[in-house]
Amino acid sequence: KRLAGVVAALVVGDQQAIERADWDVFRATGVAHLMSISGLHVTMFAWLASWLVGWLWRRSSRLCLALPAQSAGLLGGLLLAAGYAVFSGWGVPSQRTIWMLATVSLLRLSGRHWPWPLVWMLSCAVVVALDPWALLQAGFWLSFVAVGVLFATGSGADSTGERKPVARIHAFFREQWVITLALTPLTLLLFSQVSLIGLAANALAIPWVTLLVTPLSLAGVLWAPLWDVAAQAVQALGWVLTRLAALPLATLSISFTRCAVRIS
């Protein structure tokens, strides 16, 4: 049941299916953002959908004459990702991602190349205009600050796929450091707690959940036995995270009302 709860959260965004004990482990290790429909999952889905639509589009010369395969891939990936976001409950993380993907896609289709601050601010403005209450949600600030920091530092700027494997690994860990350091003050302010082992835990959990657990969970919609495989992958990850959470000095807690600091 516990494993099924995580799989359900990744497929349809039902976070209530995850038990409290599991949430405590995920928060202590700083990977709670991965255990539900997040911008990372929607982006991955959009990328896969865009690649598939583009590949299928190139099979037909008539379709390519009507619309370039690259443009068809962008539109198809965006529409399918939007459908997935709606299916998963249209949560704020999904909304943020869809509007940002839509902004970038439309700019590319129009041939315009806006500076990243304008794209970033426009996406923020669209989300707030459609859902003003998003400003009261911690996920809104964490998500947009993380994206803004990555843009500002140039992390992940090379999307051409020409990087060597070693360079990609280096860039991945660099992005983790940047995000961890940038969000630590905001995390302490919002939750009065921050994971001191979050960098190590995310280095393992992000590729594991993004490249293995989530695709298996989604593919289970088409072939149910894959849900069992996804559950086993979650179990393996949970085993490691539980032991990381049990380490001394795993989390830092600060009570701003009493100005007290507690390390656990």
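Structure first, text after, so check above.
Residues numbered from 1 in each chain as written. Predicted model: local features only at pLDDT ≥ 70, side-chain atom pairs only at ≥ 80, totals over all residues. Heavy atoms only, no water.

Draft legend 1. Highlighting helix α5 (residues 69-87). For α5, built from 19 residues, the straight-helix expectation of 27 Å at 1.5 Å per residue is met to within 8% by its first-to-last C-alpha distance of 26 Å. Within the span of α5, buried status applies to Ala-69, Ser-71, Ala-72, Gly-73, Leu-74, Gly-76, Gly-77, Leu-78, Ala-81, Tyr-84 and Ala-85. Looking one or two residues beyond α5, the residue adopting positive phi is Gly-89, at roughly 110°. (Helix = DSSP H or I, 4+ residues; strand = E, 2+ residues; numbered from the N terminus. Expected span 1.5 Å × (residues − 1). Buried < 20%, exposed > 50% of the residue type's maximum accessible area, 1.4 Å probe, protein only.)

Draft legend 2. How the structure looks around the side chain of Thr-187. Mapped onto the secondary structure, Thr-187 falls in helix α9 (residues 165-191). The class for Thr-187 is buried, based on a relative accessible area of 18%. Discounting residues that sit within four places of it in the chain, Thr-187 has contacts with Leu-142, Ser-192, Gln-193 and Val-194. (Contact = heavy atoms within 4.5 Å.)

Draft legend 3. Region of the structure containing the environment of Ile-18. Relative to the elements of secondary structure, Ile-18 occurs in the loop between α1 (2-12) and α2 (20-28). Taking the relative accessible area as the measure of exposure, Ile-18 reaches 5% and is therefore buried. Considering only alpha carbons, one finds Ile-18 and Met-35, 17 residues apart in sequence, at a separation of 8.7 Å. Ignoring any residue separated from it by four or fewer positions in sequence, one finds Ile-18 in contact with Gly-5, Val-6, Ala-9, Trp-23, Phe-26 and Met-35.

Draft legend 4. Structural detail: the packing of aromatic side chains. Evaluated as defined, the whole model comprises 3 aromatic pairs. Summarising the aromatic geometry, the rings of Phe-45 and Tyr-84 are spaced 4.6 Å apart at their centres and angled 25° between planes, so their arrangement reads as stacked. With a gap of 39 residues between them, Phe-45 in helix α3 (residues 39-57) and Tyr-84 in helix α5 connect regions that are remote in the sequence. Judged by its relative accessible area of 23%, Phe-45 falls in the partly exposed class. Ring geometry for Trp-116 and Trp-120: centres 6.4 Å apart, planes at 65°, overall edge-to-face. Note that Trp-116 and Trp-120 are positioned in helix α7 (residues 116-130) at a spacing of 4 residues, about one turn of the helix. Exposure remark for Trp-120: the relative accessible area of 24% places this residue in the partly exposed category. (Phe/Tyr/Trp six-rings, centres within 6.5 Å; stacked < 30°, edge-to-face > 60°.)

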